[in-house]
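# A look at the structure
Below are the chains, spelled out letter by letter.
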Amino acid sequence: MNNTKLDRRCFVRSAAVAAGAFAAGLANDALGAKGKPRWETAIGLNGFASAAGKYKKSFPIEEVLAYTAKAGFDGVELVQGWPRKGYPSAGDAKAVKALRDQYSKHGLQIFSIQTGAAGAFAPDDDSRRRWLAEMRDRVKLAKALGCDCIGMWPGGGLRGQTIDEAIKRLAGSFREIAAMAEDQGIVAAFEIEPPFQFNTEEHLVRILEQANDDRLKTIYDPSHFDLMNKSAGRPHEMLTRIGVGNIGYVHFTDTDGTLRDGGTSKHLPAGDGHIDVEASFRALHEGGFNGWMMIDGWQIPDPYDAGTKGIRAIKGYLERAR
């Protein structure tokens, strides 16, 4: 795989981030390789949604939000379809306000919403145009909810096209979303996983390179990066190759380097798997990452346990990074 172009982009971007961070650090002890990173913490509702579905457990949303606030999290990432049926339209001011207020009354920010992206690489132009129109509303919704980010997951079949054709179409669609997101002042980021058609480091690099737009970011999930890095327990190695400057936000989880029940990468609470948690934090810190760290409890039987162990790991690193 030829990473020359991507590496050059990462180098220039990382240098700019580091320079800006150094200047900010002189003024107010902010982010920088020698300073304390500014990370905001969140919990993902996807953990509770998946545990409810897979293990037939009940997680009343107000109980989840009370826990999230008490545990010291700053925000939440919404998942489509749980606990409500779907997202409201951005134009439904009453529904948007009610949803935002539900979280803000606990002192929590909705920092991101998760969205599907199968339509982003549909082989026919009309399907991609419909997806882009729907995503335009989703981006506006994210802004109205007070989000800093919007996440995209390109699952689904190739539908008769080659992987090369699919990557080209996906990158083109993502480039348009990145522009829409910038117009709203938020970050568009995508994630690829083992069950997807796009499931290797090479695919991730090609999507970023072909989009050729610094506004498009990817999501660092150590469980997926670990499987794409030969399940060696060192996902930070792939993170470094991809470039921290290409990370929009983080889905933090531990893993044992396997798939859960033949599905996606097995997610485990921080410290319960085989990854070098400290090395991931250090790579993000030294690479100048400044943003959201969401605890991803996907299909973990006890998402509360995952949340508690995750935020303790993050806060512990931040204390040591002082």
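What you are looking at is a predicted structure, and each value in this text was computed from that prediction instead of being measured.

Each value, and the rule that gives it
Residues numbered from 1 in each chain as written. Predicted model: local features only at pLDDT ≥ 70, side-chain atom pairs only at ≥ 80, totals over all residues. Heavy atoms only, no water. Helix = DSSP H or I, 4+ residues; strand = E, 2+ residues; numbered from the N terminus. Buried < 20%, exposed > 50% of the residue type's maximum accessible area, 1.4 Å probe, protein only. Contact = heavy atoms within 4.5 Å. Areas by Shrake-Rupley, 256 points an atom, 1.4 Å probe, with all protein chains shown as cover. Pairing = 2+ DSSP bridges. Axes fitted to C-alpha atoms, helices over the stretch in contact; angles between N-to-C directions. Right-handed = clockwise from strand over helix to strand, strands pointing away. Parallel < 35°, antiparallel > 145°, perpendicular 65-115°, else oblique. Left-handed = near helix turned anticlockwise from the far one by under 90°. Nonpolar A, V, L, I, M, F, W, Y, C, P; charged D, E, K, R; others polar. Lys, Arg positive; Asp, Glu negative; His and termini not counted. Salt bridge = Lys/Arg side-chain N within 4 Å of Asp/Glu carboxyl O. Polar contact = N/O pair within 3.5 Å; in protein donor to acceptor, adjacent residues only side chain to side chain.

Our focus in this paragraph is the overall build of the protein. When helices and strands are counted, the protein shows 11 helices and 8 strands. Burial status across the protein gives 55% buried among its 322 residues. Of the contacts formed within the protein by residues at least 6 apart in sequence, a portion of 78% connects residues at least 24 apart. Of the accessible surface of the protein, which amounts to about 13,400 Å², a share of 50% is contributed by carbon and sulfur atoms.

Sheet architecture is closed into a barrel: 8 strands sit in the order 1-2-3-4-5-6-7-8, paired in parallel fashion. Averaged over all adjacent pairs, the angle separating strand axes in this sheet is 30 degrees, with direction ignored. Two strands pair when backbone bridges link them, and strand 5 (residues 187-190) and strand 6 (residues 216-220) are joined in this way by 3 bridges, in the parallel orientation. In the strand pairing of strand 6, Phe190 is matched with Thr218. The strands that helix 6 (residues 163-184) touches are strand 4 (149-153), strand 5 and strand 6; relative to strand 5, the one it contacts most, it runs at about 150 degrees.

With an omega dihedral of 0 degrees, the bond running from Trp82 to Pro83 counts as a cis peptide bond. Unlike most non-glycine residues, Lys56 shows phi in positive territory, near 55 degrees. Assignment of secondary structure puts Lys56 in the loop between helix 2 (45-55) and helix 3 (61-70). One non-glycine residue, Arg159, lies in positive phi territory at about 55 degrees. Tracing the sequence through the fold places Arg159 in the loop between strand 4 and helix 6.

This paragraph deals with the pairing of strand 8 (residues 291-295). With respect to burial, strand 8 is a largely interior element, 5 of its 5 residues being buried. Crossover handedness for the path strand 7 (residues 247-252) to helix 10 (residues 277-286) to strand 8: right-handed.

Two elements in contact, helix 10 and helix 11 (residues 303-320), have axes whose closest approach is 11 Å; the angle formed by their N-to-C orientations is 60 degrees. Of the possible angle classes, the one that applies to helix 10 and helix 11 is oblique. Crossing geometry of helix 10 relative to helix 11 is assigned as right-handed. Across the interface between the two elements, Val277, Glu278, Phe281, Arg282 and His285 of helix 10 pack against Ala313, Ile314, Tyr317 and Arg320 of helix 11. Class assignment for the residues of the contact of helix 10 with helix 11 results in 5 nonpolar, 1 polar and 3 charged.

Below, the discussion takes up the packing of helix 6 against helix 7 (residues 201-211). Helix 7 packs onto helix 6 with a crossing angle of 50 degrees between their chain directions and a minimal axis gap of 8 Å. Judged on the interaxial angle alone, helix 7 and helix 6 are oblique. For the pair helix 6 and helix 7, the crossing hand works out as right-handed. Contacts from Ile163, Asp164, Ile167, Lys168, Leu170, Ala171, Phe174 and Arg175 of helix 6 reach helix 7 at His203, Arg206, Ile207, Gln210 and Ala211. Across the contact of helix 6 with helix 7, the residue classes tally to 7 nonpolar, 2 polar and 4 charged.

A few words now on the environment of Ile110. Positionally, Ile110 belongs in strand 3 (residues 109-116). C-alpha separation for the pair Ile110 and Leu145, spaced 35 residues apart in sequence, amounts to 6.5 Å. Ignoring sequence-local partners within four residues, the contact set of Ile110 consists of Val76, Leu78, Leu99, Arg100, Tyr103, Leu145, Gly146 and Cys147.

Looking at the element boundaries, Asp254 is found in the loop between strand 7 and helix 10. Lacking a salt bridge, the buried Asp254 has Lys309 as its closest oppositely charged neighbour, with an N-O distance of 9.2 Å. At 3.5 Å, the side chain of Asp254 forms a polar contact with the backbone nitrogen of Asp272. Within polar-contact distance, the side chain of Asp254 engages the backbone nitrogen of His274 at 3.5 Å. Among residues more than four places away in sequence, those in contact with Asp254 are Ser223, Lys266, His267, Leu268, Pro269, Ala270, Gly271, Asp272, Gly273, His274, Ile275 and Val277.

A side chain of one charge can pair with a side chain of the opposite charge if their charged atoms are brought near each other. Counted by the stated rule, this structure contains 16 salt bridges. We note a salt bridge from Arg138 to Asp137, for which the minimum N-O separation is 3.8 Å. Of the charged contacts in the structure, one is a salt bridge between Lys309 and Asp305, with a shortest N-O distance of 3.3 Å. Of the two residues, Lys309 and Asp305 are both situated in helix 11; the distance of 4 residues between them amounts to about one turn of the helix.

So far we have only geometry, and geometry alone does not tell us how the molecule works.
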